[in-house]
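Inside the fold
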Amino acid sequence: MEVKTSLLDNMIGVGDMVLLEPLNEDSFIVNLRNRFDHNEIYTYIGSVVISMNPYRSLPIYTPQKVEEYRNRNFYELSPHIYALADEAYRSLRDQDKDQCILITGESGAGKTEASKLVMSYVAAVCGKGQEVNKVKEQLLQSNPVLEAFGNAKTMRNDNSSRFGKYMDIEFDFKGDPLGGVISNYLLEKSRVCKQPRGERNFHIFYQLLSGASDDTLMKLKLDRDFSKYNYLSLDSANVNGLDDAASFRTVRNAMQIVGFMEAEVQSVLELVAAVLKLGNIEFKPESRVNGFDESRVKDKNDLKEMCELLGIEQSVLERAFSYRTVEAKMEKMSTTLNVAQAYYARDALAKNLYSRLFSWLVTRINESIKAQAKTRHKVMGVLDIYGFEIFEDNSFEQFIINYCNEKLQQIFIELTLREEQEEYIREDIEWTNIEYFNNAIICDLIENNQNGILAMLDEECLRPGTVTDDTFLDKLNTICAEHQHFESRLNKNSKFLTDHSLPHSCFRIQHYAGKVLYRVEGFVDKNNDLLYRDLSQAMYKATHSLMRQLFPEGNPAKVNLKRPPTAGFQFKASVGVLMKNLQTKNPNYIRCIKPNDKKVAHIFTDSLVCHQVRYLGLVENVRVRRAGYAFRQPYESCLERYKMLCKKTWPHWRGPARDGVEVLLTDCSVPTEEFAYGRSKIFIRNPRTLFTLEERRRACLEDLATLIQKIYRGWKSRTHFLLLKKSQVVVAAWYRRYAQQNKYQKIKSATLVMQSFVRGWKARNILRQLKYEKRCKEAVTTIAAYWHGTQARRELRRLKEEARRKHAVAIIWAYWLGLQVRREYRKFFRANAGKKIYDFTIQRIMQKYFLGLKTTTMSPMDNTWPAKPYGFLEGAHTQLRRIFHLWRCKKYRGQFTEEKKAVYEEKLEASEIFKDKKALYPSSVSQPFKGDYLEIQKNPKYQKLNSAMEEKVLLADLVNKINRANGKGSPRLFLLTKSNFVLADQKTGQVKASVPLPDLASVSVSTQSDGFFALKLKEGSASASKGDFLLSSEHLIEIITKLHRIGTTAADRDQINIDISDEFLVQFKQDKVCVKFIQGGPKNGNSAACKRKNNRLLEVSVPSP
Ligand SMILES: Nc1ncnc2c1ncn2[C@@H]1O[C@H](COP(=O)(O)OP(=O)(O)O)[C@@H](O)[C@H]1O
Ligand SMILES: [Mg+2]
């Protein structure tokens, strides 16, 4: 259920003054103050919103707040300006009623801020979309532009609007904004030339100088320094909390959003600059022949720059400041201007230029924001007009402003009362008129067409002859003397004759908001608002794009001799139009109140507020509102709020709400004169009655709350209990199950144990029984087997015996039969079959035998040969083996080259000589016979030796020559040719001995594996004188073989004998020495060693193989 609050709930003080009790000025102020102290700046009087200026930003304008107030009833939430805006917007959208929002109050009371809040609220809640958002943005951004040009700092307000503004926002049937129209009222243009002490000129001048870029300023021929300009007051040029430079950027941006072209912005700024320049033009007197003074421009620099800015011919303007052309009845006369007149003309020009520029801006903005569609639209007007002003020195402007405020008050009174009255009529309630102060009489004093002050001022202005402010005052004194709101020293009314607070040059008006003293000085001039035609014509001639539009009367083609309407007349007319406009709309009031004069937060000056409350007639407003009935409410909401006070309407009333309220009020015994039944609303006369109802409601609410609480607690506990109970059952069930499961498991396992024991015992019994039975059976079987075995063996023996006997009989029989048959057939068999079988068998055997020989290889080294298969093949088998071997040897030999053949022949010869005769031989078989081991041809060491040799060297080797004296060997080179052998020194290569081979008788070697050999020479030969040679060589076999071979091949020589024995004699010179070979022990190493035993014996010990 939606919780609805109401104005009547939780309020600080009372939110609606109508409910104030008791109602008097003091309680009114106390309530305002109380709320103000608690940051509640808004309070209602019925549907009127009173707004106190907080002078600080409060967190009550957030988007959340907007949402909170959106589509809510006016009295539903605490008072707020949004509630009023929402109400106005919704009745515009839903009920098709044009609205106006009238914001009134003194200068600085917060009117402009309030108008902006209303606009921003409406913008936030109305439709969305690209086009709509653009319109909204333009409407909102028109504010900063107008504020820059139309607002200024005054004593009362740092951002005081110096013009009146009425803005119509237009909506389509859906409530989407279409556009708007702004009307402006009387800009306080005197401010352009002169500002009261402590005040400033319009913001734009300061913003331009502080915020524009250097470049822009240069183009505008301006200087940043404020003090350079006569029109800018210096004492308050900089205002706390105002950032002129930032504001300038905001304004430029806003202008762009609103739709100003860049060139337009530039033109506007040029005009602003021109006004500043204009203020700097000064004049000096120049005497003329006729004795009059004529003014001349003092320093022409500013004039020149201004003319350049506006595109005016300097001489034309200069002349316009010195002469004035007067036209009368087709005649033109030129009169000179004195210095004072020149200054007057200058200021008039500046003021006109600025105020026309301002009006142009409004027109231009309107052009941008005007609704495009021509469809019928609904309008919400927001009026933010300058507030009532009382200064020390009040002039024509204040007079006009206050007049406007009088008119607004008038319309307020009229509309409030009318609305109130209309409501009673609408609701069919009896209405008795009440008294209030009607300010119509003051309005009449000012605007009456015959003898109103404005009418008389106009009359004075138009009157021929000398007209001064004093003549105007005289006139006032005569005509308005009787008026009870007019006061003057020269009045016939004697009571003011001695009133010294009233100077002679002033008059005083008792406005609804207080008495204001006006100084008449300037009234006539300001009302005339004269600009010399020479000046307007000069302006019209300017080439600047805006000037022609601003000064249309300067067009020489349209010279109009009629006077233009006076300022007062114009203002009265526009106010009249405005009032008419407002009257057609549904008014919504915001009454702004200023809490203090210091523009600061938290201060509430009772006297000041009291004064405002008084002149705004707020208490009266409450009274009027309460005169009939203080409180009214639709039946539905009334019933909803108080239904608990009566049993019949609680908790629901079925039937019309009005009947319900009737029942309710009767039941509550409210006196019948205290309320009246309207068509849709109940009207309650006295707030006290309402409060009683409220009081009872509160008490009742407490009871109800207790009741609800009681029921709720009961319900809660019950639910909780039931839940507990349910849970307990579940828990118990689970627990029981668990316990039973456990118990069952235990019994089951116990049973199993017992069962297994019993089964075991039983099984063992059976097993024992079975084993016994089995053993018995086995015993029986064994016995049976043995018995059967004996039987069988006996039988077998008998059968064998029988069979043997049968077999013997059969064999004997067969032999006998065979004998018989052979005897019978012998003669046939031998003659034929025997031979054939025999041949065939032999053939098969041979075939198989030959095929078996195929496995042997071709290598002569291969000794393998298949075993003989049959005895009868023995001879052939050996022969075949031999033949095959010879054949494959022949094949093998056939592949040899000649050299290889020679080598093999040598090897063969060696074999013939040594095989099985000398133990060294087998080791030599695998060594190839190299012959030249010294490489005598190639080795340069033996070059000499080589050249000494006449024949080809067949063998060259290093040998040891054994010395007879000690048996030790000394190395020698051994060379063998076809005809001799040579021994040479190993180092020098010098030939030691050369022996022709024919001189060699024999060679002796041992049977063992040593390398010793003796070369024995023929006795009596030439070489024999040196004695035999005992040598040893590693290549003994090769050397001896080569020697033997040479012997066999040479035809002229005997064969060389080779003795192989372990003991031989060697002839050393005279003696014969015996060389004996013995098997030595291992201590000798592995080479044979020779040792001299005695004179006749050398012993060579050869290591055993
Ligand atoms: N609702 C508000 N919240 C905060 N400050 C406000 C509010 N209303 C007014 N003010 C302050 O008071 C100053 C004067 O308000 P303004 O609307 O310009 O006065 P008026 O238009 O009535 O002369 C503002 O500049 C602002 O500082
Ligand atoms: Mg304002």
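Preceding this paragraph is the structure being described.
Residues numbered from 1 in each chain as written. Chains lettered and ligands numbered in written order. Predicted model: local features only at pLDDT ≥ 70, side-chain atom pairs only at ≥ 80, totals over all residues. Heavy atoms only, no water.

1. Topic: the overall build of the protein chain
Selection criterion: Put simply, DSSP marks the helices as runs of H or I at least four residues long and the strands as runs of E at least two long, and each gets a number from the N terminus on. We compute the radius of gyration from the C-alpha atoms alone; for a globule the expected value is 2.2 Å times N to the 0.38, where N is the number of residues. Only heavy atoms enter the contact rule, under which two residues are in contact if any of them lie within 4.5 Å. Each accessible area is a Shrake-Rupley result for a 1.4 Å probe, and residues are judged covered by the shown protein chains and nothing else. Within this scheme the basic residues Lys and Arg register as positive and the acidic residues Asp and Glu register as negative, but His and the chain ends are omitted. Think of each charge as sitting on NZ of Lys, CZ of Arg, CG of Asp or CD of Glu.
A tally of helices and strands in the protein chain yields 31 helices and 31 strands. Here the protein chain has a C-alpha radius of gyration of 77 Å; the compact-globule value for 1105 residues is 32 Å, and the former is much larger. For the C-alpha atoms alone, the extent of the protein chain along its principal axes is close to 205 × 120 × 70 Å. Relative to all contacts within the protein chain whose residues are 6 or more apart in sequence, the contacts with residues 24 or more apart total 64%. Approximately 59,900 Å² of the protein chain is accessible, and the part contributed by carbon and sulfur atoms is 55%. Here the protein chain contributes 169 positively and 132 negatively charged side chains, and the mean placements of these two sets differ by 21 Å.

2. Let's talk about a positive patch on the surface
Test applied: Like-charged residues are merged into a patch within 9 Å and nonpolar side chains (Val, Leu, Ile, Met, Phe, Trp, Tyr) within 5 Å, provided each residue has over 30% relative accessible area and no salt bridge. Between Lys or Arg on one side and Asp or Glu on the other, a salt bridge is scored when a side-chain nitrogen of the former is within 4 Å of a carboxyl oxygen of the latter. Between buried and exposed lies partly exposed: a residue is buried under 20% and exposed over 50% of the maximum accessible area for its type, with that area taken using a 1.4 Å probe on protein chains only.
Taken together, the side chains of Arg764, Arg768, Lys771 and Arg775 present a region of like positive charge at the surface. Look at lysine 771 and you get partly exposed, because its relative accessible area is 46%.

3. What about the pattern of salt bridges?
Scanning the entire structure with this criterion turns up 63 salt bridges. Close ionic contact of arginine 70 with glutamate 67 constitutes a salt bridge, the shortest N to O distance being 3.2 Å. Accessibility expressed as a relative area gives 26% for arginine 70, which makes it partly exposed. Across the pair glutamate 447 and lysine 407 runs a salt bridge whose closest N-O atoms are separated by 3.1 Å.

4. Quick look at the coordination of the magnesium ion (ligand 2)
Rules: A donor here means any N, O or S atom no more than 2.8 Å from the metal (3.2 Å for Na, K and Ca); water is not included, so a site may seem to lack partners.
All of the protein donors around the magnesium ion (ligand 2) are Thr112 (OG1) and Ser161 (OG); their distances to the metal are 1.9 to 2.1 Å. With threonine 112 in helix 4 (residues 111-125) and serine 161 in strand 5 (residues 160-161), this pair connects stretches of sequence that are 49 residues apart. We note that threonine 112, like serine 161, is buried.

5. Brief notes about a nonpolar patch on the surface
Among the surface-exposed residues, Leu707, Ile708, Ile711, Tyr712 and Trp715 lie close enough to one another that they form a single nonpolar patch of about 540 Å² accessible area. If you trace the backbone, isoleucine 708 turns up in helix 25 (residues 687-831). Looking at isoleucine 708, the relative accessible area reads 56%, which means it is exposed.

6. Regarding helix 20 (residues 567-583)
Here is the rule: Multiplying 1.5 Å by the residue count of a helix minus one yields the expected span of that helix. Each C-beta atom gives one direction from the helix axis, and the arc is the one those directions make.
Its 17 residues place the ends of helix 20 24 Å apart at the C-alpha level, agreeing with the 24 Å of an ideal helix rising 1.5 Å per residue. Every buried residue of helix 20 is accounted for by Ala567, Gly568, Phe571, Lys572, Val575, Leu578, Met579 and Leu582. Down the axis of helix 20, the sector holding all buried residues measures 125°, keeping them to one side. Helix 20 presents Val577 and Lys580 as exposed residues on the side facing more than 90 degrees away from its buried surface.

7. Points about unusual backbone geometry
That bond from glutamate 21 to proline 22 is cis: its omega, -5°, falls within 30 degrees of zero. Residue position: proline 22 is located in the segment before helix 1 (25-37). Omega for the bond connecting tryptophan 650 with proline 651 falls within 30 degrees of zero, at -5°, which places this linkage in the cis form. Tracing the sequence through the fold places proline 651 in the loop between helix 23 (635-642) and helix 24 (657-667). The phi angle at lysine 599 is positive, at roughly 60°, despite the residue not being glycine. Following the sequence through the fold, lysine 599 ends up in the loop between strand 16 (586-593) and helix 21 (606-615). With relative accessibility at 23%, the residue lysine 599 sits in the partly exposed group.

8. Examining the site of ligand 1
Spelled out, the test is: Residues are classed as near a molecule or strand on a simple rule: at least one heavy atom within 4 Å of it. Contacts described as polar in this section are N or O atom pairs within 3.5 Å, which, within protein, must combine one atom able to donate a hydrogen with one able to accept it, while residues neighboring in sequence count only if both atoms come from side chains. Residue type decides the class: Asp, Glu, Lys and Arg count as charged, Ala, Val, Leu, Ile, Met, Phe, Trp, Tyr, Cys and Pro as nonpolar, and the leftover types, Gly among them, as polar.
Around ligand 1, 15 residues are found, and the nearest of them are Asn53, Gly108, Lys111, Thr112 and Asn157. Contact between ligand 1 and glycine 108: an oxygen atom at 2.7 Å from a main-chain N or O atom of the residue. Asparagine 157 places a side-chain nitrogen or oxygen 2.8 Å from an oxygen atom of ligand 1. Contact with the protein chains removes 83% of the 550 Å² of surface that ligand 1 exposes when unbound. Across the shell around ligand 1, the residue classes break down as 4 nonpolar, 7 polar and 4 charged.

9. Some points on the sheet that holds strand 14 (residues 506-511)
Just so we agree on the cut-off: Pairing between two strands requires that DSSP report at least two bridges joining them. A fitted line through C-alpha atoms serves as each axis, taken over the contacting stretch for helices, and the angle formed by two N-to-C directions is quoted from 0 to 180°.
Reading across the sheet, the 3 strands line up as 13-14-15 and stay open at both edges, with antiparallel pairing between neighbours. Strands at the two margins of the open sheet, each flanked by one partner only, are strand 13 (486-488) and strand 15 (514-519). Strand-to-strand twist of the sheet, defined as the mean angle between neighbouring strand axes without regard to direction, takes the value 25°. Note: strand 13 against strand 14, 3 bridges, orientation antiparallel. Directly across from phenylalanine 486, in strand 14, lies its bridge partner isoleucine 509. Contacts from helix 14 (residues 440-447) reach strand 13 and strand 14, with the element oriented near 150° to strand 14.

10. Some thoughts on the sheet that holds strand 27 (residues 1057-1060)
Ordered in space as 23-22-21-20-26-25-24-27, the 8 strands form an open sheet in which the pairing is mixed. Whereas interior strands pair on both sides, the edge strands pair on one side only; in this sheet they are strand 23 (991-996) and strand 27. Across the sheet, the mean angle from the axis of one strand to that of its neighbour is 30°, orientation sign disregarded. As defined by bridge partners, strand 20 (residues 955-962) adjoins strand 26 (residues 1029-1032) across 2 bridges and the pair is classed as antiparallel. Across the sheet, residue asparagine 960 finds its bridge partner in strand 26, namely serine 1032.

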